[in-house]
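Here is what each chain is made of, one letter per residue.
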Amino acid sequence: QVQLVESGGGLVQPGGSLRLSCAASGSIFSIYAMGWYRQAPGKQRELVAIITGGGTTNYADSVKGRFTISRDNAKKTVYLQMNSLKPEDTAVYYCNKGSPATNSWGQGTQVTVSS
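Let me sum up the structure you'll find in this document.

Reading the values: the criteria
- Residues numbered from 1 in each chain as written.
- Predicted model: local features only at pLDDT ≥ 70, side-chain atom pairs only at ≥ 80, totals over all residues.
- Heavy atoms only, no water.
- Salt bridge = Lys/Arg side-chain N within 4 Å of Asp/Glu carboxyl O.
- Helix = DSSP H or I, 4+ residues; strand = E, 2+ residues; numbered from the N terminus.
- Buried < 20%, exposed > 50% of the residue type's maximum accessible area, 1.4 Å probe, protein only.
- Core = buried A, V, L, I, M, F, W, Y, C linked by side-chain atoms within 4.5 Å.
- Contact = heavy atoms within 4.5 Å.
- Pairing = 2+ DSSP bridges.
- Axes fitted to C-alpha atoms, helices over the stretch in contact; angles between N-to-C directions.
- Phe/Tyr/Trp six-rings, centres within 6.5 Å; stacked < 30°, edge-to-face > 60°.
- Lys NZ or Arg CZ within 6 Å of the ring centre and 35° of its normal.

Let us now look at the pattern of salt bridges. Overall, the coordinates contain four salt bridges when judged by the stated rule. Between Asp89 and Arg66 there is a salt bridge; the shortest N-O distance is 2.7 Å. Of this pair, Asp89 sits in the loop between strand 8 (77-82) and strand 9 (91-97) while Arg66 sits in the loop between strand 6 (57-59) and strand 7 (67-72), and the two are 23 residues apart along the sequence. Each member of the pair, Asp89 as well as Arg66, is classed as buried. Counted as one network, the salt bridges with shared partners bring together Arg38, Glu46, Arg66 and Asp89.

As structure tokens, this is what we get:
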């Protein structure tokens, strides 16, 4: 089973940048498609970005051109570079596999975009 720990969240002003990290352990990380998800207050959790084991990426329309997902298989880590942040990006961000089990979510990391 893959163990995942998110980090890098915090408070940032609109237009700012943040880099999230997701450290994995306990499995051969490279075989999994990995994604970043977020959940804002009162809203459903949504997929933000995904990267396959082969490096193919896809993004939610709301973050295209602003966010970049990447992975370092040697470090068993997936990243989310977040640029040009907007208040509507405020949410708890989670990493997980591309098709996560319903009981597999960790604590996430809080991203708050506010003046």
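So much for the structure itself; the text now carries on.
Moving on: the nonpolar core. Trp36, Val78, Leu80 and Tyr93 are the most contacted members of the largest nonpolar core, which has 27 residues in total. When contributions to this core are tallied by element, the ones reaching two or more residues are strand 3 (18-25), strand 4 (34-39), strand 5 (46-51), strand 7, strand 8, strand 9 and strand 10 (109-113). Sorting elements by how many residues they give to this core places strand 3 first, with four residues. Other than its neighbours up to four places away in sequence, Val78 contacts Leu20, Ser21, Cys22, Phe29, Met34, Trp36, Ile51, Ile69, Ser70, Arg71 and Cys95.

Further remarks concern the sheet that holds strand 1 (residues 3-7). Judged by pairing direction, the sheet is antiparallel, and its four strands sit side by side in the order 1-3-8-7 without closing on themselves. The open sheet is flanked by strand 1 and strand 7, the only strands paired with a single partner. Adjacent strand axes in the sheet meet at a mean angle of 15°, parallel and antiparallel pairs treated alike.

Looking now at the environment of Pro100. The residue Pro100 is located in the loop between strand 9 and strand 10 in this model. Given a relative accessible area of 24%, Pro100 falls into the partly exposed group. Here the alpha-carbon distance between Pro100 and Gln39, two residues 61 residues apart in the chain, equals 15 Å.

With that settled, consider the packing of aromatic side chains. Throughout the structure, instances matching the rule amount to two aromatic pairs. A centroid spacing of 4.9 Å and a plane angle of 85° characterise the contact between Tyr37 and Trp105, whose relative ring orientation is edge-to-face. Of the two residues, Tyr37 is situated in strand 4 and Trp105 in the loop between strand 9 and strand 10; the sequence distance between them amounts to 68 residues. On the basis of relative accessibility, which here comes to 7%, the residue Tyr37 falls in the buried class. With a relative accessible area of 21%, Trp105 lands in the partly exposed category. Put simply, the rings of Tyr37, Tyr94 and Trp105 pair up and form one aromatic cluster. If you follow Arg19 out to its NZ or CZ, it ends over the ring of Tyr79, 4.0 Å from the centre. Cation over ring: Arg45 sits above Trp105, and NZ or CZ is 3.7 Å from the ring centre.

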